[in-house]
Amino acid sequence: MTVIDIPGSKSVTARALFLAAAAEGTTTLLRPLVSDDTEGFAEGLTALGYAVRREPGAWHIEGRPEGPGADTAEVYCRDGATTARFLPTLVAAGRGTYRFDASAQMRRRPLGPLSTALRELGVDLRHDGKEGHHPLAVHASGVKGGALTLDAGQSSQYLTALLMLGPLTADGLDITVTDLVSEPYVEITLAMMRAFGADVRQEGRTYRVAPTGYRARTYGIEPDASTASYFFAAAALEPGRSVTVPGLGTGALQGDLAFVEVLRRMGAEVEITESGTTVRSTGGLRGLTVNMRDISDTMPTLAALAPFADGPVRIEDVANTRVKECDRLDACAENLRRLGITVRTGPDWIEIHPGTPAGPVEIATHGDHRIVMSFAVTALRTPGITFDDPGCVKKTFPDFHRVFDTFVHS
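These lines cover the structure that appears in this document, whether it is placed above or below.

What counts, and at which threshold
- Residues numbered from 1 in each chain as written.
- Predicted model: local features only at pLDDT ≥ 70, side-chain atom pairs only at ≥ 80, totals over all residues.
- Heavy atoms only, no water.
- Helix = DSSP H or I, 4+ residues; strand = E, 2+ residues; numbered from the N terminus.
- Buried < 20%, exposed > 50% of the residue type's maximum accessible area, 1.4 Å probe, protein only.
- Contact = heavy atoms within 4.5 Å.
- Phe/Tyr/Trp six-rings, centres within 6.5 Å; stacked < 30°, edge-to-face > 60°.
- Pairing = 2+ DSSP bridges.
- Core = buried A, V, L, I, M, F, W, Y, C linked by side-chain atoms within 4.5 Å.
- Expected span 1.5 Å × (residues − 1).
- Polar contact = N/O pair within 3.5 Å; in protein donor to acceptor, adjacent residues only side chain to side chain.

Before going further, it helps to spend a moment on the environment of Gly146. Relative to the elements of secondary structure, Gly146 occurs in strand β10 (residues 146-152). We classify Gly146 as partly exposed; its relative accessible area is 30%. For the pair Gly146 and Asp388, spaced 242 residues apart in sequence, the C-alpha separation works out to 48 Å. Setting aside chain neighbours within four positions, we find Gly146 in contact with Gly172, Leu173 and Asp174.

Okay, here's the thing in structure tokens:
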């Protein structure tokens, strides 16, 4: 059995940085993810006037419940969706003028429902280019709060940003959701908000957030479940192989750990304990139809594994994967077809038929870290796979290639 230490969760690290910045006192984050996305978030906080001190294994953030220390700032969000969506929401509770821009990739990703919601709350937010996209400016003067209706069917991050804003408003916030994707990510948000002292309740499709503010604390970041999916998939694929990821067990916050239940349905052995999760190969994989709406970040992992199943693998209800770092549904289909695999797609589904992927093929990554890490699994049984941008894994796991290669040869 191979034990793999997975880096900290990107989703948890980003939320923790927001909550720490908003809290009264100094927060220490233990084992935060160190990657392009999270470093971009931390640098954004620094540009806004928050004191952030980083050392190996721990980041210390001096909170400012009153808002940014700078009354004007320009923030570059890089490729980070959490940075690009969370920081403009955080500054709305302060006072000043703040401008945000992002990479060409992030500029393409939508922001409209969040912008609309903030404007409904009285925030002076203006898009400098294409409406509903970066770049943008926030002329902040605090947020009174109130009630609003939100469509989070495109991204749960819209809801997460507004929920985390709620305790910083004068009167609190009631958010009624008409549609919601990736709901387990919202459960992460609620649990973390409560850990930092917030009072948030869910009544049906309405979330009620009291204006409590936040309290600083020491907070440990659990391993990234989405990143773990590549190692779990590799273990399920290779006969005689097993992998254990410590720190991702029965109490894990992240919904993407449910990916191992998909592997269980396909025939892998899965054991989840309080201390970690183990996946073992049984020598074969079954085809299946699975709804991945709630764990859509692991859709590419399953797509890359799917050709090795004994029957078709159909993944449904993943329309939101089309507005990630790239159109992941089409990117997976494109690369699998180039490998000689029969693939069918629809607006929100992909069906992959059994086959033997054939190289040499250069995978078109579209600059998307998850495409690279997913097709590294395919490459285990497909000589000649290369990547046109292998370095884009720096977004969430800069050391991925070395760690995965060590795992494969262990």
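Still more to cover.
For the bond from His134 to Pro135, the omega torsion is 5 degrees, close enough to zero to count as cis. As for its placement among the helices and strands, Pro135 is situated in the loop between β8 (124-127) and β9 (136-141). In the segment running from Gly359 into Pro360, the intervening peptide bond is cis, with an omega of 0 degrees. Structurally, Pro360 is set in the loop between β22 (350-352) and β23 (361-363). The backbone of Ser182 shows a phi angle near 55 degrees, a positive value even though the residue is not glycine.

Tallied over the full model, the rule gives 9 aromatic pairs. Relative to Tyr219, the ring of Phe196 lies with its centre 5.6 Å away and its plane at 35 degrees, an arrangement referred to as tilted. Pair noted here: Phe196 is in the loop between α7 (183-195) and β12 (200-203) and Tyr219 is in strand β15 (residues 218-220), with a separation of 23 residues, a long-range link. In this structure, Phe196 and Tyr219 share a single accessibility class: buried. For the ring pair Tyr230 and Phe400, a centre distance of 6.2 Å and an interplane angle of 80 degrees mean the geometry is edge-to-face. With Tyr230 in helix α8 (residues 225-237) and Phe400 in helix α13 (residues 400-408), this residue pair connects regions lying 170 residues apart in the sequence. Looking at Tyr230, the relative accessible area reads 0%, which means it is buried. Of the residues examined, Phe400 reaches a relative accessible area of 0% and is grouped as buried. Clustering of aromatic rings is evident, with ring pairs tying together Tyr230, Phe231, Phe397, Phe400, Phe404 and Phe407.

This part covers the pairing of strand β16 (residues 242-246). Along β16, 4 of the 5 residues are buried, which leaves the element largely enclosed by surrounding structure. Here 2 bridges tie strand β1 (residues 2-3) to β16, and the two strands are oriented parallel to one another. Considered in β16, the bridge of Val3 is made with Thr244. Bridge count between β16 and strand β18 (residues 276-280): 5 bridges; the pairing is antiparallel. Its bridge partner lying in β18, Thr244 is registered against Thr278.

Turning to the nonpolar core, a few remarks are in order. Considering soluble globular proteins, one finds that nonpolar side chains tend to be buried as a cluster. Core analysis: the biggest nonpolar cluster contains 74 residues, and Leu159, Leu163 and Tyr214 have the highest contact counts within it. For this core, the element with the highest residue contribution is helix α1 (residues 10-22), accounting for 9 residues. Leu163 has contacts with Ile175, Val186, Thr189, Leu190, Met193, Val200, Tyr207, Val209 and Tyr214, leaving out every residue within four places of it along the chain. Counting 68 residues, the second largest nonpolar core, distinct from the first, contains Leu302, Ala306, Phe387 and Val393.

Looking at the secondary structure, you find Ser35 in the loop between β3 (26-30) and α2 (36-47). We classify Ser35 as buried; its relative accessible area is 2%. If we ignore the near neighbours within four places in the chain, the residues touching Ser35 are Lys394, Lys395, Thr396, Phe397 and Pro398.

In a regular helix each residue adds 1.5 Å, so 13 residues correspond to 18 Å; α1 covers 19 Å between its end C-alpha atoms and thus fits that length. When you tally the buried positions in α1, you get 13 out of 13 residues, the bulk of the element. Two or three places before Ser11, at the opening of α1, Ser9 has a side-chain oxygen 3.2 Å from that residue's backbone nitrogen.

The analysis is restricted to geometry; functional conclusions fall outside its scope.
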